[in-house]
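# Architecture and fold: a report
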Amino acid sequence: MNQKQFKERRHRKADLSTAFRCSVNFTSSEQIQLLAMQEQSGVKSTSSFIKMQIFGNKFKVHYIDDNTRRFIDALSNFNNRYREIGADYDFLVKTLRENFTEKKAMSMLAQIEQRTIELVKLNREIVALAKEFDGIWLQKSL
């Protein structure tokens, strides 16, 4: 009984450059969006479309260190503080009108106005520093 046992397996591909596969998971809405973009592009194969998107377009990698995160958090907290200052300002003007004479209220409002002008100047400096920071990081990420 000289029966040769043959193991059935797939034949090796002649071109090994297509031997690697990657898997990407999408939500249903992302899948619909991907298929709509593929349809608009006119490419019939989804894998070809994804390759074209990945390797055809440039993309940037941004590194965010801990100081950058703190800086961004501090900038976003400014908007909350400005809202609080605005609400406090309105309340203060109402209280001054109700409880003080017009002359005294006007002198206090002048002081508040001076502090507001200082706050606006400080805000402009912060915006300038943020733009400078952004310019430095854009140069590093290119």
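Now for a quick tour of the structure. (Residues numbered from 1 in each chain as written. Predicted model: local features only at pLDDT ≥ 70, side-chain atom pairs only at ≥ 80, totals over all residues. Heavy atoms only, no water.)

### Observations concerning the overall build of the protein
Tallying secondary structure elements over the protein gives 4 helices and 0 strands in all. The linear arrangement of helices and strands in the protein, starting from the amino end, is α-α-α-α. Counting only residues that meet the buried cut, the protein has 7% of its 142 residues in that class. If you take every contact in the protein between residues at least 6 apart in sequence, the share linking residues at least 24 apart comes to 44%. For the protein, the computed accessible surface area is about 13800 Å², with 56% contributed by carbon and sulfur atoms. (Helix = DSSP H or I, 4+ residues; strand = E, 2+ residues; numbered from the N terminus. Buried < 20%, exposed > 50% of the residue type's maximum accessible area, 1.4 Å probe, protein only. Contact = heavy atoms within 4.5 Å. Areas by Shrake-Rupley, 256 points an atom, 1.4 Å probe, with all protein chains shown as cover.)

### Side note on the packing of helix 1 (residues 28-41) against helix 2 (residues 46-56)
Two packed helices can be described by the angle between their axes and the distance between those axes. At a closest axis distance of 10 Å, the pairing of helix 1 and helix 2 adopts a crossing angle of 85°. Relative to helix 2, helix 1 is oriented roughly perpendicular. Here L34, L35, M37, Q38 and S41 of helix 1 come into contact with helix 2, specifically with T46, F49, I50 and M52. Of the residues belonging to the contact of helix 1 with helix 2, the class tally is 6 nonpolar, 3 polar and no charged. (Axes fitted to C-alpha atoms, helices over the stretch in contact; angles between N-to-C directions. Parallel < 35°, antiparallel > 145°, perpendicular 65-115°, else oblique. Nonpolar A, V, L, I, M, F, W, Y, C, P; charged D, E, K, R; others polar.)

### Structural notes on the pattern of salt bridges
Per the stated rule, a full pass over the model turns up 2 salt bridges. For R81, the salt bridge goes to E84, with nearest N and O atoms at 2.6 Å. Taken together, the residues span about one helical turn, with R81 and E84 both in helix 3 (residues 66-99) at a distance of 3 residues. Under the relative-accessibility criterion, R81 is labelled partly exposed at 48%. In this structure E84 comes out as partly exposed when scored by relative accessible area, which is 40%. Close ionic contact of E118 with R115 constitutes a salt bridge, the shortest N to O distance being 3.6 Å. Linking E118 with R115, this pair stays in helix 4 (residues 102-141), spanning 3 residues, or about one helical turn. Overall, E118 belongs to the partly exposed group, its relative accessible area being 41%. (Salt bridge = Lys/Arg side-chain N within 4 Å of Asp/Glu carboxyl O.)

The analysis is restricted to geometry; functional conclusions fall outside its scope.
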